[in-house]
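Examination of the molecular architecture
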Amino acid sequence: MIIILTGAGISQESGISTFRDAGGLWENERIEDVGTPGGFARDPDKVLDFYNRLRKKLLSPEIAPNPAHEALARLEEESREPVLVITQNIDNLHERVGTKNLLHMHGELCKAHCNTCNMVMQWENDMSRQDACPACGTTGRLRPHIVWFEETPLHMDEISRAFSACRLFVSVGTSGHVYPAAGFVNMARQAGAKTLELNLERSLGAWLFHGGRYGRAGTVVPAWVDEFLAGQ
């Protein structure tokens, strides 16, 4: 199996700011206020408004997948062995280009989670405390389907099983700051897989990879995919 990990660097080229970017939506917000369960408990309206703005940005005409997303979808379609994409991103850019075998470990911006019945549902409109859960009818219990700081990432059991069968691990656009994703390269190496970093610059854990290619994801990723498919 080929496992691809994607991070903020791949979506940044599509116009989606990270919380480290100057001028982004995160710049005037404290992580503790809009990115933790405690922040949501203290001021749910503030948190819901913040993610409403993020969602509107994502769904605006100016945001679209870039050549890196397209190349990874082509890799999945044309590879002779299974490809799994694990993304740290909460956007839907991989889905828009047809990636199917995909795990969102930090949740999805265009989904809602009901704290009463635990149902997860598609949600592309603004969210408020007046909204009722379509599944159980309870009002005021919806939250963005996002893994906040202090919460456990999603799909970890499935991810662990996938790494036991991993032959090649490729990390795309990740900083190496955020765990458990930053530890995936070690899981891959323990499984005997080859490891490759594709990034704008060397990450904190670049020394753990067998190789690296550096530059904009929209250039580096398609070039690597072309080379890999030609040589398989």
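Criteria and cut-off values
- Residues numbered from 1 in each chain as written.
- Predicted model: local features only at pLDDT ≥ 70, side-chain atom pairs only at ≥ 80, totals over all residues.
- Heavy atoms only, no water.
- UniProt positions renumbered as here; feature names shortened; annotations may be inferred.
- Buried < 20%, exposed > 50% of the residue type's maximum accessible area, 1.4 Å probe, protein only.
- Helix = DSSP H or I, 4+ residues; strand = E, 2+ residues; numbered from the N terminus.
- Pairing = 2+ DSSP bridges.
- Contact = heavy atoms within 4.5 Å.
- Salt bridge = Lys/Arg side-chain N within 4 Å of Asp/Glu carboxyl O.
- 1 Å grid on protein atoms, 1.4 Å probe; cavity = no way out; pocket = protein on both sides within 12 Å on 5 of 7 lines; lining within 4 Å.
- Points joined across faces, edges and corners; volume = space filled by probe spheres on them.
- Nonpolar A, V, L, I, M, F, W, Y, C, P; charged D, E, K, R; others polar.

For the protein, the name recorded in an unreviewed UniProt entry is NAD-dependent protein deacylase, with Oxalobacter vibrioformis as its organism. Note on the protein: under the UniProt heading Catalytic activity (unreviewed entry), the record states "N(6)-acetyl-L-lysyl-[protein] + NAD(+) + H2O = 2''-O-acetyl-ADP-D-ribose + nicotinamide + L-lysyl-[protein]".

Moving on, we get to the pairing of strand β1 (residues 2–6). The buried fraction of β1 is high, at five of five residues. Burial along β1 is two-sided: I2, I4 and T6 facing one way and I3 and L5 facing the other are all buried. Bridge count for β1 against strand β2 (residues 83–87) is five bridges, and the pairing is parallel. Looking across to β2, one finds that I2 is bridged to V83. Pairing of β1 with strand β7 (residues 168–172), which is carried by five bridges, proceeds in the parallel orientation. Bridged to I4 within β7 is V170.

Per the UniProt record, the feature "binding site: Zn(2+)" (unreviewed entry) sits at C114, C117, C133 and C136. For the annotated residues, spread through 23 residues, the largest C-alpha to C-alpha distance comes to 8.7 Å, consistent with a single compact locus. As for its position among the elements, C114 is in strand β4 (residues 107–114). The residue C133 is located in the loop between β5 (120–122) and β6 (142–146) in this model.

Attention now moves to the UniProt feature "active site" (unreviewed entry) in the protein. Under the UniProt annotation, "active site" (unreviewed entry) lies at H106. Here H106 lies in the loop between β3 (102–104) and β4. Those residues in contact with H106 that lie beyond four places of it in its chain are T87, Q88, I90, H145, I146, V147, P153 and V178.

This part is about the pattern of salt bridges. Using the criterion set out here, one finds 13 salt bridges in the structure. Where salt bridges share partners, they join R30, E32, D33 and R42 into one cluster.

As a further point, take the layout of surface pockets. A probe matching the size of a water molecule, rolled over the atoms, marks out where space remains unfilled. Here the second largest pocket is characterised by a volume of approximately 180 Å³. Surrounding the second largest pocket, 20 residues form its lining, G176, A181, A182, V185 and G205 being those nearest its centre. When residues of the lining of the second largest pocket are traced back to their parent elements, those giving at least two are β7 and α8 (184–190). Looking at the lining of the second largest pocket residue by residue, the class counts come to eleven nonpolar, eight polar and one charged.

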